[in-house]
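The primary structure of each chain is shown beneath.
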Amino acid sequence: METYEVIIIGGGLSGIMAARTLMENGVKDILIVEKSKSVGGRLATRRIGEGKADHGAQFFTVRSPELQEDSARWLEAGWVKRWFGTPYPRYTSTAGMNALAKQLAKSIPVKLNSRVSSILDGRDGPLEVELENGERNTANHCIVTAPAPQALQLMAGIAPPEVSTISFAPCFVGMFTFDGSSSIPSPGHVDEGLPDGVERVVDHEKKGISSTVTVSVYMTGDWSKQQVEMEEDSILAAIQKVAEGFLEKGSRVTGAQLKKWKYSEAEAVVRTPFVEMGHEGRIVLCGDAFLRENDEAGRTRFESAYLSGVSAGTRVAGKR
Ligand SMILES: Cc1cc2nc3c(=O)[nH]c(=O)nc-3n(C[C@H](O)[C@H](O)[C@H](O)COP(=O)(O)OP(=O)(O)OC[C@H]3O[C@@H](n4cnc5c(N)ncnc54)[C@H](O)[C@@H]3O)c2cc1C
């Protein structure tokens, strides 16, 4: 059993930003616990053959001064670039969105392949964070960044009611390799004039992150909900038909993969960047569905995750 000042559950952008903020404020005795084999969460990139495809967030927009300042640094470092859009630019990672997450998490202690199964708040002692494999670690504070419905399962019975109002839509994404060009126009992102049920299509070669033509097709939340009970093969076949509509003459689809996101974009959010719970508020829930009161966009996105993580990290650092 190890003891930490702060354990952060989830190594997506919220968790990474909470950790970076704690470290910047002198709190170094921290650990991110992440169930997957890599950090990033919904900042997800898959290698397909020689190429790559983003299949979570494709880009981010910047409204807040905090992200403005950081994204200027990331631009300078060559980690991100302006992809398209005026007057509000869409920024994207130069090596795929997951690479940005990895870059930001570089100096943070992370325990991968470790799913937290419960957080026990015994009041008299520190918090106990139990993993699925039975391992237990203790912490004085816990920041929970898993999407709210998953976070609530870790703390049966003690979550404040507003958090249980948060709900997410699913999103099914097909990723395809082409042996020739796609007809998706430069710079490789289309989200208008698409067939019913299709949210957007992206050509990652034109986006500049893949040496081969890989195309991601994102289906809408409504379409994805309707297909939840369907076999994966038939879901993928239906999405492939959309992709085939973007083949240039003479090109073929040479490979197809499916990603089913259960939690994509929140359908209901809360207007507070974090919620404190447990004894003396030492468990802090945050994540992309926890929006600042003055959030203009009003929806879950890269920036809402970033800001929520920063706010939670600042709060916990200030308590010590
Ligand atoms: C398909 C899709 C497209 C999107 N497109 C865009 C876009 O173009 N622009 C944009 O701005 N935003 C977009 N988003 C939203 C953006 O990706 C998210 O808002 C943001 O990445 C969320 O970050 P987060 O850290 O709050 O959550 P997540 O990234 O979900 O991180 C939570 C982490 O917690 C881990 N976890 C969960 N439970 C446990 C547990 N019990 N134990 C340990 N670890 C656990 C998960 O594995 C995950 O890594 C998109 C999202 C999706 C899914």
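Residues numbered from 1 in each chain as written. Predicted model: local features only at pLDDT ≥ 70, side-chain atom pairs only at ≥ 80, totals over all residues. Heavy atoms only, no water.

Colleague: Just give me the short version of the overall build of the chain, but keep the residues and values in it.
Modeller: Counting its regular elements, the chain contains eight helices and 17 strands. If one aligns the C-alpha atoms of the chain with their principal axes, the spans along those axes are about 70 × 45 × 35 Å. When each of the 320 residues of the chain is scored for burial, the buried share is 53%. Put simply, 66% of the contacts in the chain that link residues at least 6 apart link residues at least 24 apart. Side chains of the chain carry 37 positive and 41 negative charges; the gap between the two charge centres is 3 Å. (Helix = DSSP H or I, 4+ residues; strand = E, 2+ residues; numbered from the N terminus. Buried < 20%, exposed > 50% of the residue type's maximum accessible area, 1.4 Å probe, protein only. Contact = heavy atoms within 4.5 Å. Lys, Arg positive; Asp, Glu negative; His and termini not counted. Charge placed at Lys NZ, Arg CZ, Asp CG, Glu CD.)

Colleague: Can you break down the domain arrangement of the chain residue by residue, with the values?
Modeller: Domain boundaries in the chain define domain 1 (3–40 + 105–166 + 269–318) and domain 2 (45–92 + 168–266). Relative to domain 2, the C-alpha centre of domain 1 lies at a distance of 28 Å. Each partner contributes residues to the interface: domain 1 has 19 residues there, and domain 2 has 14 residues. Between domain 1 and domain 2, roughly 1,500 Å² of surface is buried when both sides are summed, and carbon and sulfur atoms account for 60% of that area. If you sort the residues of domain 1 by the area they bury against domain 2, Phe302, Glu303 and Tyr306 come out on top, with a joint share of 38%. The tally of links between domain 1 and domain 2 comes to two salt bridges. The shortest N-O distance in the salt bridge between Glu265 and Arg299 comes to 3.9 Å. Our count for the domain 1 to domain 2 interface comes out at six residue pairs in polar contact (both at pLDDT 80 or more). (Domains from an automatic or database assignment. Buried area = accessible area lost by both parts, 1.4 Å probe. Salt bridge = Lys/Arg side-chain N within 4 Å of Asp/Glu carboxyl O. Polar contact = N/O pair within 3.5 Å; in protein donor to acceptor, adjacent residues only side chain to side chain.)

Colleague: Which residues make up the nonpolar core, and what values go with them?
Modeller: In this structure, Leu22, Phe60, Trp74, Ile143 and Phe302 are the most contacted members of the largest nonpolar core, which totals 38 residues. When residues in this core are grouped by element, the largest group, eight residues, is from helix H8 (residues 302–318). Counting contributing residues, this core receives three or more from each of domain 1 (3–40 + 105–166 + 269–318) and domain 2 (45–92 + 168–266). If near-sequence neighbours (up to four positions away) are discounted, Ile143 is found in contact with Val6, Ile7, Ile8, Ile9, Ala18, Leu22, Val284, Cys286, Ala312, Gly313 and Val316. Counting 31 residues, the second largest nonpolar core, distinct from the first, contains Ile7, Ile119, Leu127 and Cys142. (Core = buried A, V, L, I, M, F, W, Y, C linked by side-chain atoms within 4.5 Å.)

Colleague: Before we move on, can you summarise the side chain of Arg282 with the specific residues and values?
Modeller: Along the chain, Arg282 turns up in the loop between strand E16 (275–277) and strand E17 (283–285). Overall, Arg282 belongs to the buried group, its relative accessible area being 8%. Sequence-distant contacts of Arg282, defined by excluding residues within four places in its chain, comprise Asp121, Gly122, Arg123, Gly125, Pro126, Leu127, Asn140, His141, Cys142, Met277 and Lys319.

Colleague: Help me get a handle on the pairing of strand E8 (residues 116–120), residues and values and all.
Modeller: Note that E8 and strand E9 (residues 127–131) share four bridges and pair antiparallel. Note on E9: the bridge partner recorded for Ser118 is Glu130. The hairpin formed by E8 and E9 contains six residues between the paired strands, and Arg123 there has a positive phi angle of roughly 70 degrees. (Pairing = 2+ DSSP bridges.)

Colleague: Give a description of the environment of Thr214 that names residues and reports values.
Modeller: Among the structural elements, Thr214 can be located in strand E14 (residues 214–219). For Thr214, a relative accessible area of 0% gives the class buried. Along the sequence, Thr214 and Leu112 sit 102 residues apart, while their C-alpha atoms lie 28 Å from each other. Filtering out sequence-adjacent residues up to four positions away, Thr214 remains in contact with Gly51, Lys52, Ala53, Phe176, Thr177, Val202, Asp203 and His204. Here the side chain of Thr214 touches Lys52 through a polar contact of 2.6 Å, landing on its backbone oxygen.

Colleague: How would you sum up the site of the ligand? Please name residues and give values.
Modeller: Close to the ligand lie 37 residues; Ser14, Glu34, Arg42, Phe59 and Asp288 are nearest. A distance of 2.6 Å separates an oxygen atom of the ligand from a polar atom in the side chain of Ser14. Contact between the ligand and Arg42: an oxygen atom at 2.8 Å from a main-chain N or O atom of the residue. Starting from 1,000 Å² of accessible surface for the ligand in isolation, the protein chains cover 94%. Contributing elements (two or more residues each) for the shell around the ligand: helix H1 (13–24), strand E15 (253–268) and H8. Residues of the shell around the ligand, tallied by class, amount to 15 nonpolar, 15 polar and seven charged. No fewer than three residues from each of domain 1 (3–40 + 105–166 + 269–318) and domain 2 (45–92 + 168–266) sit in the shell around the ligand. (Near = heavy atom within 4 Å. Areas by Shrake-Rupley, 256 points an atom, 1.4 Å probe, with all protein chains shown as cover. Nonpolar A, V, L, I, M, F, W, Y, C, P; charged D, E, K, R; others polar.)

Colleague: Now, about the sheet that holds strand E13 (residues 198–203): what can you tell me, with residues and values included?
Modeller: Taking strand neighbours across the sheet as the criterion, the five strands line up as E12-E13-E14-E11-E15 in an open arrangement whose pairing is antiparallel. The open sheet has two edge strands, strand E12 (189–190) and E15, and neither has a second partner. The sheet contact formed by E12 and E13 spans two bridges and is antiparallel. Pairing of Val190 across the sheet is with Val201, part of E13. Running at roughly 105 degrees to E15, helix H7 (residues 232–244) makes contact with strand E11 (167–178), E13, E14 and E15 of the sheet. (Axes fitted to C-alpha atoms, helices over the stretch in contact; angles between N-to-C directions.)

Colleague: Give me the packing of aromatic side chains: which residues, what numbers.
Modeller: According to the stated counting rule, one finds nine aromatic pairs in the structure shown. Judged by centre distance (6.0 Å) and plane angle (75 degrees), the ring pair of Phe60 and Trp74 falls under edge-to-face. Separated by 14 residues along the polypeptide, Phe60 in the loop between strand E4 (51–54) and helix H2 (65–77) and Trp74 in helix H2 bring together distant segments of the chain. No difference in accessibility class separates Phe60 from Trp74, as the two residues are buried. Taken together, Phe60, Trp74, Tyr91, Phe302 and Tyr306 form an aromatic cluster joined through their ring pairs. Over the aromatic face of Trp83 sits the side chain of Lys207, whose NZ or CZ is 4.6 Å from the ring centroid. Sitting over the ring of Trp261, Lys259 keeps its end group 4.4 Å from the ring centre. (Phe/Tyr/Trp six-rings, centres within 6.5 Å; stacked < 30°, edge-to-face > 60°. Lys NZ or Arg CZ within 6 Å of the ring centre and 35° of its normal.)

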